[in-house]
Amino acid sequence: MPQANYSPKTDALHNLKYEMEKDKSLPLLESNLVFGEGNPDTDVLFIGEAPGYHENMQGRPFVGQAGKLLDAMILGLGWKREDIYITNIVKRRPPENRDPLPEEIAAYSPYLMKQLEIINPKIIAPLGRFSMNFFLPDAKISLAQGKIFWWKDRLLMPLYHPAAALRATAVKDALKVSFAKLPVVKKKYEEFVRDRKSGKPEHTPKPDPAPNPKKQAELF
Ligand code: URA
């Protein structure tokens, strides 16, 4: 992928990656580290669950079939992959692509939090339930996807995982609809912040983190 322009955040991310490489207490050390890539100055951070076969081989997130769909959706917005940042919660591939275990998520999550703090995006887009449940532990992906939530001072918009979209047309259709909201959410971010500060209830997402997504204000 073409490298984004140099940013002061680049060094911090580089150091974090180095710290992870040295951390032998992490699980899944038999797989390669897939740290994440993109523009560290992005407004939008996509977070998947864990690398798969191709990601492990190439050391890059979302480069297999699910990644192709993600790329197509990003391009469909008129954005480029190198404009945004993509990473995973678990940054090494679980064997046979099994679901990440709670203890693997717990072990890798401090690094995700540091990565998040460095990139400091306005919008977090968790891809799939594992990533979403890290931020919204009790949410159901079918209910929460495409809705927006406050998570600390950031907007969070869970999306279906592109791999799930490849398995079911209805999921793919829903993902496309939700994905198309991202530029609108990005554009309205400052407005949402203003409304939140002024306590305007009618179109502000509710405070974080939402135990029950049904209670969240829906902006769309
Ligand atoms: N699925 C994920 O969750 N992450 C990747 O990087 C690839 C597939």
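A brief report on the enclosed structure follows. (Residues numbered from 1 in each chain as written. Predicted model: local features only at pLDDT ≥ 70, side-chain atom pairs only at ≥ 80, totals over all residues.)

On to helix α4 (residues 102–119). Here α4 spans 25 Å end to end across 18 residues, near enough to the 26 Å set by a 1.5 Å rise per residue. Along α4, the sharpest change in direction is near 40 degrees and occurs at Ser 109; proline Pro 110 comes one to four residues later. Of all the positions in α4, only Glu 104, Ile 105, Tyr 108, Tyr 111, Leu 112, Gln 115, Leu 116 and Ile 119 are classed as buried. Buried residues along α4 sit in contact with α1 (8–22), β2 (44–48), β3 (85–88) and α5 (129–135). Remark: Asn 120 follows α4 within two positions and exhibits a positive phi of approximately 55 degrees. (Helix = DSSP H or I, 4+ residues; strand = E, 2+ residues; numbered from the N terminus. Expected span 1.5 Å × (residues − 1). Bend = angle between axes of the 7 residues up to and from the residue. Buried ≥ 20, exposed ≤ 12 C-beta atoms within 10 Å, placed from the backbone. Contact = placed C-beta atoms within 7 Å.)

Right, let's talk about the nonpolar core for a bit. Within the largest apolar cluster, 49 residues are counted, with the highest numbers of intra-cluster contacts made by Leu 45, Phe 46, Ile 89, Ile 124, Ala 125, Leu 156 and Met 157. It is α4 that contributes the most residues to this core, six residues altogether. The contact partners of Ala 125, leaving out residues within four places of it in the chain, are Val 44, Leu 45, Phe 46, Met 157, Leu 159 and Leu 182. (Core = buried A, V, L, I, M, F, W, Y, C linked by C-beta atoms within 7 Å.)

This brings us to unusual backbone geometry. Despite not being glycine, Glu 96 has its phi angle at roughly 55 degrees, a positive value. Given 6 C-beta atoms within 10 Å, Glu 96 falls into the exposed group. In this model, Lys 152 sits at a positive phi of 55 degrees, which is unusual for a non-glycine residue. By the element assignment, Lys 152 lies in the loop between β5 (149–151) and β6 (154–156).

Just distances and angles here, no functional claims.
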